[in-house]
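Fold and contact review
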Amino acid sequence: MLTLMLISENVRERRILQMAFEQHQIKVIEAFPDRASYLKALQYIPDFVVIEFPQSYTDQINFSKNIFSAISKKKKILMLGYGQEMVAGEERAVKATGIKHYLLRPLKFSLMMKFLEEHLGVFAPEQMVWKHNKKHTDDSNYIETLFNIDILPTVKLELMSERIESLMAFPFTVLRVLQLTEDSRSGATDLAKVINADPVISASILKMANTVFFASRNRRITTIADAIVRIGFTETKHLTMTMSVMNSMSSTTENIGFDRMQFWHHSMAVAVISEKIAKGINGINSSELFLSGLLHSFGIILIDEFFAELFEKLLIRTTDRGYTFTEAERELIIISHMDLTFRLFDSWQIPHEIVDAIRFSEKTEDILIKETKNISKAELTGLILHCADVIAKSLSLGRECDSVVSHLDSTILELLEMKNGVNKNYIESIDREIEIFRKFLKIDDEVTPEKEYVGKEVLLVAPPLPFFVPIEFYLQRLGFTVLRCTENHDISGFDERFSFIVFWYETMSISSQIATFAELRSIDTREPIKMIVFEESVSSNKEGSTHFFENHLDLRFVTATVQEIVNP
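Residues numbered from 1 in each chain as written. Predicted model: local features only at pLDDT ≥ 70, side-chain atom pairs only at ≥ 80, totals over all residues. Heavy atoms only, no water.

What follows deals with the packing of aromatic side chains. Considering all chains together, one arrives at 22 aromatic pairs under this definition. Taken together, a centroid distance of 5.6 Å and an interplanar angle of 25 degrees make the contact between Phe534 and Phe549 stacked. Here Phe534, found in strand β10 (residues 530-535), pairs with Phe549, found in strand β12 (residues 546-550); they are 15 residues apart in sequence, far enough to count as distant. Summarising the burial analysis for this pair, Phe534 and Phe549 share the class buried. Grouping aromatic residues by their ring pairs yields a cluster made of Phe170, Phe172, Phe298, Phe345 and Trp348. Lying across the ring of Phe307, Arg163 places its NZ or CZ 4.9 Å from the centre. Sitting above the plane of the Phe342 ring, Arg359 keeps its charged end 4.3 Å from the centroid. (Phe/Tyr/Trp six-rings, centres within 6.5 Å; stacked < 30°, edge-to-face > 60°. Helix = DSSP H or I, 4+ residues; strand = E, 2+ residues; numbered from the N terminus. Buried < 20%, exposed > 50% of the residue type's maximum accessible area, 1.4 Å probe, protein only. Lys NZ or Arg CZ within 6 Å of the ring centre and 35° of its normal.)

Right, here's the structure in full:
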């Protein structure tokens, strides 16, 4: 599955190159040297990048540098540049951004392919495949209908759900395990019977019980009953539900830019966090919240599996605009994967508690305008699920189709009995629980601290706890040490201590507050400190040494800005 990102201002040249590469079974992703395409690169993580350098190429230089810095940490990437002849100094500057070869016009496509083949090592035609053999070859029959604005949403949903139901069934092992939770008389013996009825899950549970993570030197586990004792009753229930849901879909991703294992990683993280929050609230079934978290985006993978061509168009729109995946769906086909989920769950007779939690997770604004005493149990579960999703995205736990988040204010966190907010101990407890699932499912954690950021301090100016600021934990995952303070904090002694300052405002920012902190100098450059400001209703822009962002955004947009500040 090889992908190439192509950045060219010349439309005719771009079209010719795209046709040539796709004839060699290389999928081409069109892009431009801007922030939206930087987000696209982080979503698709291409194998190759080809960039045209026009007469004025400042944007191309910055884009190339940022892309190479971000992607080369995840995979070995080949970057090619092309354009008119440059003087030696200019070409050196271009290659310093990560461009390995610079080609002159007129372009020789055979030379481009030679460099690509050398990059692959040994040229193997079977590697040059970007799409898998389709299970369904009649996507085009559905696309025209789904994109037709004159067709009612109910008709579209019926069409999609009928196709899915004819090709798959919901894994009812999940529901049998959930029923055990609701029956106070059930125990490990009943759970063992359910697991033993599924040979695939049985083998996986036994294997997990005998891994180094759980293994004992004294005895090898050979029965499910003993495995439950070793792993734990609750943990085994959750592992069984997770495996059942995952096994209902193929492990092969239908579209580039969408990694199914990272999708399950995120879903599992939302499940774990949802359960943890639910345990602190009286009257909420934590196992139901675990399953709600696991299934909260189930419709996304259904579209990838059964409507691959539609999914590709939706993902492109998501990355092009910096949208949420749902916003792209609403704009292109009116309905969303959530609508599809509710339609199918109703048909599959999924417990209404699960459906309600997912449904209300999309309506948090409507819920929060109510008085606390008027918020129903179902609405409360929706808030739990929403909160868990924001935390999981902020901690970069797995990856869906977007990383769009907003803050969680004190009202919602106090309502969920999280009066201390999300602190270091809370995150560590989440990580410990998620690690069990990662070991079991063999999922790699994609995000590791960057060496260049470790040891660098960032000052975060934000409302007091328990107010949750997504960027705080996102920066920590990148490797920064974040010191949080309020806008009225005494900043004496802060000069030449921090690499940059981040302001996160719940409402519009106040320039006088920013001016006070602007007197500080950076520890890295000894120059006036750079600042990143998040506030309401502002388009991404830069004014002097200050970068402005809306406080509802895809967190990955910030990565390029951080790179520019730390490595100017």
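Glancing now at the environment of Phe468. The topology assignment puts Phe468 in the loop between β7 (457-461) and α24 (470-478). Along the chain, Phe468 and Asp431 lie 37 residues apart, while their C-alpha atoms are 18 Å from each other. Here Phe468 is in contact with Val390, Ile391, Ser394, His407, Leu408, Leu413, Val422 and Phe473, once residues within four sequence places are set aside. (Contact = heavy atoms within 4.5 Å.)

So, on to the nonpolar core. Ranked by internal contacts, the top residues of the largest apolar core, which has 163 residues, are Phe298, Ile391, Leu416, Ile471, Leu475 and Phe500. For this core, the element with the highest residue contribution is helix α13 (residues 260-279), accounting for ten residues. Beyond its immediate chain neighbours, meaning those up to four positions away, Leu475 contacts Val458, Phe480, Val482, Phe500, Val502 and Val562. (Core = buried A, V, L, I, M, F, W, Y, C linked by side-chain atoms within 4.5 Å.)

In this section: the pattern of salt bridges. Within this structure, the stated rule accounts for 31 salt bridges. Between Glu13 and Arg105 there is a salt bridge whose closest N-O contact spans 2.8 Å. In this pair, Glu13 sits in helix α1 (residues 11-23) while Arg105 sits in the loop between β5 (101-104) and α5 (109-120), placing the two residues 92 residues apart along the sequence. Among the residues examined, Glu13 registers a relative accessible area of 14% and is labelled buried. Across the pair Arg317 and Glu331 runs a salt bridge, and its minimum N-O distance is 2.2 Å. You can see Arg317 sitting in helix α16 (residues 308-321) and its partner Glu331 sitting in helix α17 (residues 325-333), a full 14 residues away along the chain. Overlapping salt bridges, with partners in common, bring together Glu13, Glu52 and Arg105 in one network. (Salt bridge = Lys/Arg side-chain N within 4 Å of Asp/Glu carboxyl O.)

What follows concerns the packing of helix α12 (residues 233-247) against helix α23 (residues 424-441). Contact geometry of α12 with α23 gives a least axis separation of 11 Å together with a crossing angle of 45 degrees. Relative to α23, the element α12 lies oblique. The two elements α12 and α23 cross, and the hand of that crossing is right-handed. Of the residues in α23, those in contact with Glu235, His238, Leu239, Thr242, Met243 and Met246 of α12 are Ile436, Phe437, Phe440 and Leu441. Grouping the amino acids of the contact of α12 with α23 by side-chain chemistry returns seven nonpolar, two polar and one charged. (Axes fitted to C-alpha atoms, helices over the stretch in contact; angles between N-to-C directions. Parallel < 35°, antiparallel > 145°, perpendicular 65-115°, else oblique. Left-handed = near helix turned anticlockwise from the far one by under 90°. Nonpolar A, V, L, I, M, F, W, Y, C, P; charged D, E, K, R; others polar.)

Turning to the confidence of the model for the protein, a few remarks are in order. Overall, the predicted model of the protein reaches an average pLDDT of 89, with 95% of residues at or above 70. Taken element by element, the protein is modelled with least confidence in helix α6 (residues 139-146), mean pLDDT 78, and with most confidence in helix α21 (residues 377-394), mean pLDDT 97. (pLDDT = per-residue confidence, 0-100.)

If you walk across this open sheet you meet the five strands as β2-β1-β3-β4-β5, and the pairing is parallel. A strand with exactly one partner marks an edge of an open sheet, and here the two such strands are β2 (27-31) and β5. The average angle at which neighbouring strand axes cross in this sheet is 20 degrees, direction not considered. By the bridge criterion, four bridges tie strand β1 (residues 3-7) to strand β3 (residues 48-53) in an arrangement that is parallel. (Pairing = 2+ DSSP bridges.)

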